Amino acid sequence: MKKYVLFILGCALWLVIPLSSCQTQQPASKAPKYVFLFIGDGMGLAQVAATEAYLSAKEGAVGSKNLPFSNFPVIGLATTFSANHYVTCSSAAGTALSTGSKTNNDMLGMAPAGDTLTSITYKLKRAGYKIGIATTVGVDHATPAAFYASSGKRSSYYDIALQLPASNFDFFAGGDFIKPSGKNNDRPDIHHVAAEAGYTIVRDHAAVSGVAEKVILLQAENKGAELPYAIDRTDDDLTLPQITAAAIKFLDNEKGFFAMIEGGKIDWACHSNDGATSIYETIDFANAVQHAIDFYHRHPDETLIIVTADHETGGLALNLEADVDGLLLVDEKTTPYEVDVSTYMDKNARRQERQNRIAGQNRKIGLGWTSNDHTGSPVPVYAIGAGSELFGGKYDNTDIPKRICRAMGVAFQ
Ligand SMILES: [Zn+2]
C-alpha cells in the first residue's frame, strides 16, 4: 500500500460539477454551421484539474486557474466503456465518437460482427460541409482514423491510410503516416497515392493557405509519425495550435465545416505516468482550443465547440502532499529525466532509471497514478455555442455524434 493518501480529484469533481438539468432533446434554436470536436486523448477530469492546479501555482496561490474550455457554459459527463470491456481503447472510443456505435477494443469503424460503421463525417460531407481531421500523432492513428476509416484492427496502418485519400475530405494534419509503404515496405507510397487522389502535401503550416483544395499538413520529413511533446519541442516543430489555426483558415467557407482535432499525446504521457509532460500537453491542447474560441467570438450564433476525451489514462490524482512549490517542479521536467547513456549501456536499465526519475518527480509534484493504461471513469464534455445545450447532463459517448447531428439539423441515420 502506498503510504500517502490520495485525494482523488475525479471523485471530488463529481461532487462539484452541477449536473445540468438542461439535458434537453430539443434541437438548437439555430443550427451551427461551424462545428469543432476537440478530443484530448486520455484527458480525464484529473488531467484537467492537475493542469489547473499547476496554473494556479504559477500565480503563487493554491487554487484552480481555469483552462479556456473550463469556462464553457455547458458541462456534461460521458461514459466510455467499449462493446467488450469496461475500459475502452482509443479505436473503440473513436468509433463511438465518430459513428455513435460501440465496438470492441482494437476495432475501428467496424461493429463487433464486422459490419462497417459510417462516421458522421461522411454524412456531413454529403450535406455540404467541409471536413477537417487533425491530430498530434500519426494521421492514420486510431482517433483520427475513426473519422475516415474502417478496419478490423487499429494496427492495420497501411490499409487505414489508403482510406484517407479515398475519403475525399478537405483537410488532414498531424504526424506523418505510420507505415507509408506498408508493413513490409512493399506497397505504393501513400504520399503518392494521396497526390494522385488530388491531395497537396505540405510540411509548413503557413503553406496551407496556398492550397486550393484537399490538403495534408504534415510535420517536416524524417521527423517521425508524431509531433514532439510540447515540453520537448523546438521552434521549428509543427504544433497543434498552428494546425488548428491553419485548419480554421482553410475550412472556413459559406456552407460551414466540421473539424475533429485531437491532442493525441496527453494519453502517451499518461501511459508513462509522466505528470509534467501530460500537464504541458494539456496546456498545448487548450491553446489549440483557444483558436476555435476566437473563431466562435467572430461567429457566436453559428459556431459549436465541443471539448471532450476518449477516456482517462493513468488513473491520475493529485495527492495530499501537493503544494505550490511542488507543482512548480513541473517546469523542471527536462533536466532530471536525462539519463547518461555512458553510465547505463543496458536499455532496460536506462528505461528503469528514467521511470524512477519520473516517479520521483511525481512524488515531489504531488501526483499519484494507479495505472499505466486507460481507466474506466466517465470523461468531461465541455460545450459552447449554437446547440451546446444538447451536451449537458450524463450520457454515453455514442450519444455525442448523434447530438452533433441533431444540433446541425443533419439526419443521423
Ligand atoms: Zn492510450
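Heads up: the structure comes first, above all this text.
Everything quoted here is computed from the prediction, not taken from an experiment. (Residues numbered from 1 in each chain as written. Predicted model: local features only at pLDDT ≥ 70, side-chain atom pairs only at ≥ 80, totals over all residues.)

1. Here's the deal with helix 13 (residues 347-365)
For clarity, the cut-off: Only DSSP runs of H or I covering at least 4 residues are called helices, and only runs of E covering at least 2 are called strands; the numbering of each starts at the N terminus. A helix is expected to reach a length of 1.5 Å times the quantity of its residues less one. Each residue is classified by how many other C-beta atoms fall within 10 Å of its C-beta atom, where C-beta atoms are placed from the backbone; a count of 20 or more means buried, 12 or fewer means exposed, and values in between mean partly exposed. The directions from the helix axis to the C-beta atoms form the arc being described.
Given a rise of 1.5 Å per residue, 19 residues ought to cover 27 Å, and the 27 Å separating the end C-alpha atoms of helix 13 matches this to within 8%. Taken residue by residue, helix 13 has Ile358, Gln361, Asn362 and Ile365 as its buried positions. An end-on view of helix 13 places all buried positions within 105° of arc, on one side of the element. Opposite the packed face of helix 13, turned more than 90 degrees from it, sit the exposed residues Asn348, Ala349, Asn356 and Gly360. Gly366, located one to two residues past helix 13, shows a positive phi value of around 100°.

2. Some points on the packing of helix 2 (residues 45-58) against helix 10 (residues 275-298)
Note the cut-off: With axes taken as lines fitted to C-alpha atoms, and helix axes fitted only over the stretch in contact, angles between N-to-C directions fall between 0 and 180 degrees. Angles below 35 degrees are treated as roughly parallel, those above 145 as roughly antiparallel, those between 65 and 115 as roughly perpendicular, and all remaining angles as oblique. We call two residues in contact if the C-beta atoms placed from their backbones are at most 7 Å apart.
Direction vectors running N to C along helix 2 and helix 10 enclose 90°, while the axes themselves pass 9 Å from each other. Compared by their axis directions, helix 2 and helix 10 come out roughly perpendicular. Residue-level contacts link Gln47, Val48, Ala50, Thr51 and Tyr54 of helix 2 to Gly275, Ser278, Ile279, Thr282 and Ile283 of helix 10.

3. Quick look at unusual backbone geometry
The backbone of Asn168 shows a phi angle near 65°, a positive value even though the residue is not glycine. Structurally, Asn168 is set in the loop between helix 6 (157-167) and strand 5 (171-175). Classification of Asn168 by C-beta neighbours within 10 Å gives partly exposed; the count is 15. Positive phi, close to 65°, is recorded for Asn222, a residue that is not glycine. Given 6 C-beta atoms within 10 Å, Asn222 falls into the exposed group.

4. Observations concerning helix 6
Taken together, the buried positions of helix 6 are occupied by Tyr157, Tyr158, Ile160, Ala161, Leu164 and Pro165. Within helix 6, the buried residues cover an arc of 160° as seen down the axis, which keeps them to one side. Here the buried face of helix 6 lies against helix 5 (142-145), strand 5 and helix 7 (190-196). Note on helix 6: the residue one or two positions beyond its end, Asn168, has a positive phi of about 65°.

5. Focus on the nonpolar core
Stated precisely, the cut-off is as follows: Residues of type Ala, Val, Leu, Ile, Met, Phe, Trp, Tyr and Cys that are buried and joined through C-beta atoms within 7 Å form what is called a nonpolar core.
Ranked by internal contacts, the top residues of the largest apolar core, which has 115 residues, are Phe36, Ala50, Ala247, Ile305 and Ile306. Element by element, the count of residues in this core is highest for helix 10, at 10 residues.

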